[in-house]
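# Commentary on secondary and tertiary structure
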Amino acid sequence: MPQAPLRLLDLMRQTEDPQVINLAAGIPSPDFLPLDALKSALEGEVQSRAREMFSYHRPEGAAPLREAIRDYLRIRGVSVQADQVLVTTGCSGALASIIGTVLKKGDTVVCEAPAYYGQLELLRAVGVKFRTVTTAVGQEPDPSKWERALKAKPKPKLLVVTSTLSNPSGATLKEEGRTKLVEICRQAGVPILEDDIYGDLLGRSRPKPLRAFDDGSTVLYATSFSKTVAPGLRIGFSLPGKWMEAAADRQCRQSIHGAVPSEYMTAAFLRSGRMEGHLEMLKTVYAKRRELAGGILARELPEGYRADDPGGGYMLWVRGGKPGIMEEVRKKCLERGVAVVGGGIFFAAQPKEACFRLNCARATPEDLARGVGIFCEVLKAESGRSGARKSRT
Ligand SMILES: Cc1ncc(COP(=O)(O)O)c(C=O)c1O
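Residues numbered from 1 in each chain as written. Predicted model: local features only at pLDDT ≥ 70, side-chain atom pairs only at ≥ 80, totals over all residues.

### Considering the overall build of the protein
Our working definition: Labels follow the DSSP assignment, with helices taken as runs of H or I lasting at least four residues and strands as runs of E lasting at least two, numbered in each case from the N terminus. In this description the radius of gyration comes from C-alpha coordinates, and the expected globular size is given by 2.2 Å times residues to the power 0.38. For every residue, the other C-beta atoms within 10 Å of its own C-beta are counted; 20 or more classify it as buried, 12 or fewer as exposed, and values in between as partly exposed. C-beta atoms are placed from the backbone. By the convention adopted here, residues make contact when the C-beta atoms placed from their backbones lie within 7 Å.
Scanning the protein from terminus to terminus reveals 12 helices and 12 strands. Scaling as 2.2 N^0.38, a compact globule of 393 residues should have a C-alpha radius of gyration of about 21 Å, and the protein matches this with 21 Å. Each principal axis of the C-alpha atoms in the protein carries an extent, and together these give about 70 × 50 × 45 Å. The proportion of buried residues among the 393 residues of the protein is 47%. Here the contacts in the protein between residues at least 6 apart in sequence split such that 76% fall between residues at least 24 apart.

### Side note on the packing of helix α4 (residues 90–102) against helix α8 (residues 244–255)
Rule in force here: For helices, the axis comes from a line fit to the C-alpha atoms of the stretch in contact; other axes are also lines fit to C-alpha atoms, and the angle between any two N-to-C directions lies between 0 and 180 degrees. Here the word oblique covers every angle except those under 35 degrees (roughly parallel), over 145 (roughly antiparallel) and from 65 to 115 (roughly perpendicular). By the definition used in this description, the sense in which the near helix is turned from the far one sets the handedness, with an anticlockwise turn below a right angle giving left-handed and a clockwise turn giving right-handed. Charged residues are taken to be Asp, Glu, Lys and Arg, nonpolar residues to be Ala, Val, Leu, Ile, Met, Phe, Trp, Tyr, Cys and Pro, and polar residues to be all remaining types, Gly included.
For the pair α4 and α8, interaxial distance at closest approach is 9 Å and the crossing angle is 115°. It follows from the interaxial angle that α4 and α8 lie roughly perpendicular. Where α4 crosses over α8, the handedness of that crossing is right-handed. Note on element contacts: α8 touches α4 through Ala246, Ala247, Arg250 and Gln251, opposite Ser97, Ile98, Gly100 and Thr101. Looking at the contact of α4 with α8 residue by residue, the classes come out as 3 nonpolar, 4 polar and 1 charged.

### A few points about the environment of Arg336
The topology assignment puts Arg336 in the loop between α11 (326–335) and β10 (338–339). With 317 residues separating them along the chain, Arg336 and Gln19 place their C-alpha atoms 10 Å apart. Beyond its immediate stretch of four places on either side in the chain, Arg336 contacts Ile374 and Val378.

### A closer look at the sheet that holds strand β3 (residues 108–113)
To keep it simple, the criterion reads: Pairs of strands are assigned from DSSP output, requiring at least two bridges between the strands.
Read across the sheet, 7 strands follow the order β2-β8-β7-β6-β5-β3-β4 without closing on themselves; strand pairing throughout is mixed. Two strands lie at the open edges of the sheet, namely β2 (86–89) and β4 (129–134), each paired on one side alone. In this sheet, neighbouring strand axes are inclined to one another by 25° on average, regardless of whether the strands run parallel or antiparallel. Strand contacts of α4: β2, β5 (158–162), β6 (192–195), β7 (219–224) and β8 (235–239), with the helix running at about 155° to β7, the strand carrying the most contacts.

### Details of the site of the ligand
Formally: The criterion for a residue being near a molecule or strand is simple: its C-beta atom, placed using the backbone, must lie within 6 Å of it.
Taken together, 14 residues lie around the ligand, and Gly90, Cys91, Ser92, Ser224 and Ser226 are the ones closest in. For the shell around the ligand, the leading source of residues is α4, giving 3 residues. Considering only residue class, the shell around the ligand consists of 4 nonpolar, 9 polar and 1 charged.

### What about the domain arrangement of the protein?
Under the convention used in this document: These domain boundaries are the output of an automatic or database domain assignment.
In terms of domain boundaries, the protein breaks down into domain 1 (8–33 + 277–392) and domain 2 (35–272). Placing the centre of domain 1 and that of domain 2 at their C-alpha centroids yields a distance of 26 Å. Listed per partner, the contact involves 23 residues of domain 1 and 28 residues of domain 2. Of all the secondary structure elements, the ones that give two or more residues to the side of domain 1 that touches domain 2 are α10 (275–300) and β9 (315–320). Sorting elements by how many residues they give to the side of domain 1 that touches domain 2 places α10 first, with 5 residues.

### Overview of unusual backbone geometry
Of the consecutive residues Lys153 and Pro154, the connecting peptide bond is found in the cis state with omega at -5°. Inspection of the secondary structure assignment puts Pro154 in the loop between α6 (143–151) and β5. Note the cis peptide between Asn167 and Pro168, where omega equals 10°. Turning to its location among the elements, Pro168 is positioned in the loop between β5 and α7 (175–188). Located in the positive-phi region is Arg234, a residue other than glycine, with phi close to 60°. Note on placement: Arg234 falls in the loop between β7 and β8. Unusually for a residue other than glycine, Ile256 sits at a positive phi of about 65°.

### Digging into the environment of Met244
In this fold, Met244 is placed in helix α8. Met244 has contacts with Gln84 and Leu86, leaving out every residue within four places of it along the chain.

### Quick word on helix α5 (residues 117–126)
Among the residues of α5, Tyr117, Gln119, Leu120, Leu122 and Leu123 are the ones counted as buried. Just downstream of α5, Gly127 is the residue with a positive phi angle, here 90°.

### What to know about the sheet that holds strand β11 (residues 341–342)
Strand order in the open sheet made by the 3 strands is β9-β12-β11, with antiparallel pairing throughout. At either margin of the open sheet sits one strand with a lone partner, and together these are β9 and β11. In this structure, β9 lies alongside strand β12 (residues 354–359), joined through 6 bridges in antiparallel fashion. Among the inter-strand pairings, Met315 is bridged to a residue of β12, identified as Asn359. This element, α10, spans β9 and β12 of the sheet and lies at about 15° to β9.

### Some points on the environment of Ala25
Its place among the elements puts Ala25 in the loop between β1 (21–22) and α2 (35–53). On a C-alpha basis, the gap between Ala25 and Thr162 in space is 18 Å, while along the polypeptide they are 137 residues apart.

### Concerning helix α9 (residues 260–271)
As a reminder of what qualifies: Each residue after the first adds 1.5 Å to the expected span of a helix.
Between its first and last C-alpha atoms α9 spans 17 Å; for 12 residues at 1.5 Å apiece the expected length is 16 Å, and the two agree. Summarising burial for α9: 9 of the 12 residues are buried, a large majority. Here α9 has its buried residues at Ser262, Glu263, Tyr264, Met265, Thr266, Ala267, Ala268, Phe269 and Leu270. The secondary structure elements touched by the buried residues of α9 are α2, α3 (63–74), β2, β8 and α10. Following α9 by one or two positions, Gly273 adopts a phi angle in the positive range, close to 80°.

Listed below in structure tokens is the structure:
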């Protein structure tokens, strides 16, 4: 019987078995949460604003949070008013409200290959047709590749891109290409859904989001604080531009609004001025983890495979070889106590080469080194086997 495709639901349910070194899940480590700052943010808000904090509020989000987000965006080069911000349940909520508002069944969408599987699932649920542009670290497509995809028939309704440290490829759109991409889309009349969830984790100073080069008529922006502050807050937001009313209406019908204590707490954290220092700490830790895992991969990966450092974030994308071995590698790694995720789920169509995403942040440095070592051994054995099978045929 053919295997049912893996869903986001299955991945999120995967148990945190302490016996398994988990390099599979794309989630950050709880070891690096800014717990003290969050605790004082919560305590301060409960002391001073308990009545507002535990009541219904405006469906678009609590005013203090929308104002704090406006200020957060300003230092990232994006100038908006607080009432242009729609607070959502994580970045997933932001993506869902925009995708659900802008697209309908049968529409064509241009997206990355590979792309975050949550984006692909949301797009598949609407019933869109995919047109993909390949992205990889060091091989970011120049704007003309996007232009070709935009100009092909039928005309796409949306372009979806994770502009910085894309998940899983790690690719970051080049700074000089950003204005061009926005301009091409503006001329073609195709809006961009920019997912910027990893933007703050780029090691060097982050490039301005695409939204910084637009007034909101072409770029619809989505992000969250899940990868930088705390995923459990479930605080994300979108800048849906002219679709604000429709997106807010849609969200209100589904949930009225998000969890108010989380919104007040996030607002207080952002106001506390501790965000930028926290980001510096994360970038330093993640760079060390990538260096550790990357060093082992550089020495131990079988010939034909590569894992380029994305320059930020906590994931490495390993690719090369025949795609047929991915499931066997995943199984054999798990038998040896290491969970890795095969890259097939990140593609709208089948990938042309084997690929795996490794999370370097969740395991301790010792477990990370052991896990990556085992992964390389399994990959070597399986690529040898598939090579041997090929030469016999
Ligand atoms: C590119 C991308 N967008 C969105 C999300 C979902 O984020 P959130 O947990 O804030 O819903 C993720 C999570 O891994 C992601 O990698």
